[in-house]
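Residues per chain, in single letters:
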Amino acid sequence: MINSDHNKFLFVLLIYISCSVIYPQNNRANLENKFRLGKSYERAGELQKAENIFRELVNMQQWNQRYVKALNDIYLNQKKYDLSIELLNNSIKANRKDINFYGMLGTTYFIMNNKEKAYEVWDSAINEMPNKQISYKLISNFAIENRDFDKAIEYLTTGKEIASNPLSFSLDLARIYVANMKYGNAASEYCDVLLAQPMQLESVKRYLAGFITRPGAASEVEEAILDYISANDNRTLKELLAYVYVSGNSHTKAFELMKEIDITSGSEGVVLYKFAQELFTDGEYETALSSFESILTNYPNSKFYSTARMGYAKTLEALADRKYLYLNIDWKPYSKPDTLVSNLYADVINAYENLIDQFQDSQIAGESYYRIAKILFEKRREAEFAIDYLMEIINSIQYSNYYAVAYELLGKINLYTDQLDNAESYFQKALLSRGVPEAAKRAIKFQQAQLKFWGYQFGDAVEMLAGISSHLRDDITNDALEFALTINLNKNDSLNLATYANALLLAEQDKFDEAFQIFDELSQNQSTPILSRLAQYKTAQMRIAQGSYGTAIDILDKIIFEDKSGLYNDKSLFLKANIYQFALNNIDQAILAYRDILENHPNSQYFDKARDIIQKLNNLEDSNI
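What comes next concerns the included structure. Along every chain, residues carry numbers that run from 1 in the direction the sequence is written. Under the rules for a predicted model, residues below a pLDDT of 70 receive no local features and side-chain atom pairs below 80 are neither given nor counted, while totals for whole chains, interfaces and linings still include all residues. Hydrogens and water are ignored here; the side-chain numbers use all heavy atoms of the structure.

## A few points about the overall build of the protein
In this description a helix means any DSSP run of H or I spanning at least four residues, a strand means any run of E spanning at least two, and both kinds are numbered starting from the N terminus. For the protein, the helix and strand inventory stands at 33 helices and zero strands. Computation of the radius of gyration draws on C-alpha atoms alone. For the globule rule, the value is 2.2 Å times the number of residues to the power 0.38. Against the globule reference of 25 Å for 625 residues, the protein gives a C-alpha radius of gyration of 36 Å, more extended than a compact globule. Overall, the protein is about 100 × 75 × 70 Å in size when its C-alpha atoms are taken along their principal axes. Whether a residue is buried, partly exposed or exposed follows from its accessible area with a 1.4 Å probe, protein chains only, as a fraction of its type maximum: under 20%, in between, or over 50%, in that order. Taking all 625 residues of the protein together, the buried fraction comes to 47%. Whether two residues are in contact is decided by their heavy atoms, any of which lying within 4.5 Å being enough. Put simply, of all contacts in the protein between residues at least 6 apart along the chain, 52% involve residues at least 24 apart.

## Brief notes about unusual backbone geometry
With phi around 60°, glutamate 268 is a residue other than glycine that occupies positive phi space. By secondary structure assignment, the location of glutamate 268 is in the loop between α14 (251–265) and α15 (270–281). Glutamate 268 sits in the partly exposed class, given a relative accessible area of 46%. Even without being glycine, aspartate 418 reaches a positive phi, approximately 70°. Position of aspartate 418 among the secondary structure elements: in the loop between α22 (403–416) and α23 (420–432). We classify aspartate 418 as partly exposed; its relative accessible area is 41%.

## Here we look at a negative patch on the surface
Residues Asp361, Glu384, Asp388 and Glu392 make up a contiguous surface patch of negative charge. Structurally, the position occupied by glutamate 384 is in helix α21 (residues 383–396). Under the relative-accessibility criterion, glutamate 384 is labelled exposed at 66%. By definition, no residue in a patch forms a salt bridge, and every one has over 30% relative accessible area; like charges are joined within 9 Å, nonpolar side chains (Val, Leu, Ile, Met, Phe, Trp, Tyr) within 5 Å. Residue-level accessible areas treat just the shown protein chains as cover; the underlying method is Shrake-Rupley with a 1.4 Å probe. Whenever Lys or Arg places a side-chain nitrogen within 4 Å of a carboxyl oxygen from Asp or Glu, that contact is recorded as a salt bridge. In this tally, Lys and Arg are treated as positive and Asp and Glu as negative; His is ignored, and so are the chain termini. Charged side chains are reduced to one point each, which is NZ for Lys, CZ for Arg, CG for Asp and CD for Glu.

Shape is all these values report; function is a separate question.
Listed below in structure tokens is the structure:
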């Protein structure tokens, strides 16, 4: 009997405890459901219903900031300012240490255009709180929300003066100054940050990058930094100033300043090397070249001497590439190198040759062999000499990072010289080499698929292309898809497809006259309309390679007019625009052709390119007026 009574007692106690736990949980859930319902009414514009619910919630939890804010927003939305003031005063009485209630009350007065009362409330909040540093920041946020930037600056400046860690105040101040176009003031705050924490340099550069190109910003920032440097001969501030110079295209000033930093810091070229690399990455090759040259001249014992020499050579090559592009050769689908282009790379080849002599059988030598071979083949078509350089890597520097790409380039050269079996062998060796990235492997497999095509193994070519085109983010995907489509659409006419393959191989080998004859015959064969149109497009490319630009435009105009399928309209328009832009320097006609793509081919792969080029050409014309 005793045990029975004891068990009943335990059972009742368990139920009581469970209910005491469940009730608060259920109550919290009910309050949350009410709150969500109130927000739903608010979004639906039923403000009175929302107000009633939020008022009920506040009456239950007057300290709850979320409920108070929701009700206060409803009051403000309905311009019930007296109710807002009453609500917030009651909330302050309920919790005098919640500074957000003061902030909201000040906002109400601010909206009522009673700034003096708003400032009085905000000031009292700061005085009321024990941690004034945080209070200044929190109240400044309310001033910012009300777009009273001067008052926000006043609070942050005062907070910065008393703060044990003033840097966060400096960053907040800088953001406000930038928003109000006071760029010099913002720069001064960033200088304060760097004087305290030099490691923040890269972060400060990123902040500056957000506004340094705005009108007048660079000069104001430069002046502010110079003022700080005059009072603090500080290396980090000088590096920041160099960054500002670079942003404003004052590269010579930046270079001279970085040379000074390198000398005074005793870095033996380390500072200059880092600066040169950044310039190279940004495409500022002239100043990068000067920086690398300064290291080679002044710091022959620097630990970066060898890499600086390679940087110097690669910068020379980049400058030559820029001139090459300026000659308007790279836009052509097919072209033969000429003497003028060949001469651009003489100094580049000499620079790489010197690296090979000084750093034999090294990674530097391997890269130099490869870069010379690439220039000799791609810019001069000196296939035999290019092969000699590549074989140096294969035979002597097997551990080179350029071992795999040497095989790949050998494959391309043998394809060009009509040694297709050798080309396939070299491509396969490139695939089997160590450390080849997957994207590079797919590029090699694309070339192998082309070899299958030229060997009339059309089914194998399509199979290989399918594996490549499944990787949608690769640059080569469009080429693989287009190539596979050409084969699939014409595979039932294997004889004409084989003829087209022969012509395409001749074009790849710079045999443009022979290729043109075959393409021209195919273009007139109406039994294969798709292949005929593609061959017609290729005849235009061959005429461009031969320098017959007018004939090429006539062919492209015919395609644009006659091609009802639309498969080659946008391609033809883009190539026509290229001819006008680069070969004939007729900007007006080029813009018309590019604009035709935008107006009639919104889904074209050339749409974005055409839009960007039009913008650049329009800017170019405006600058020449």
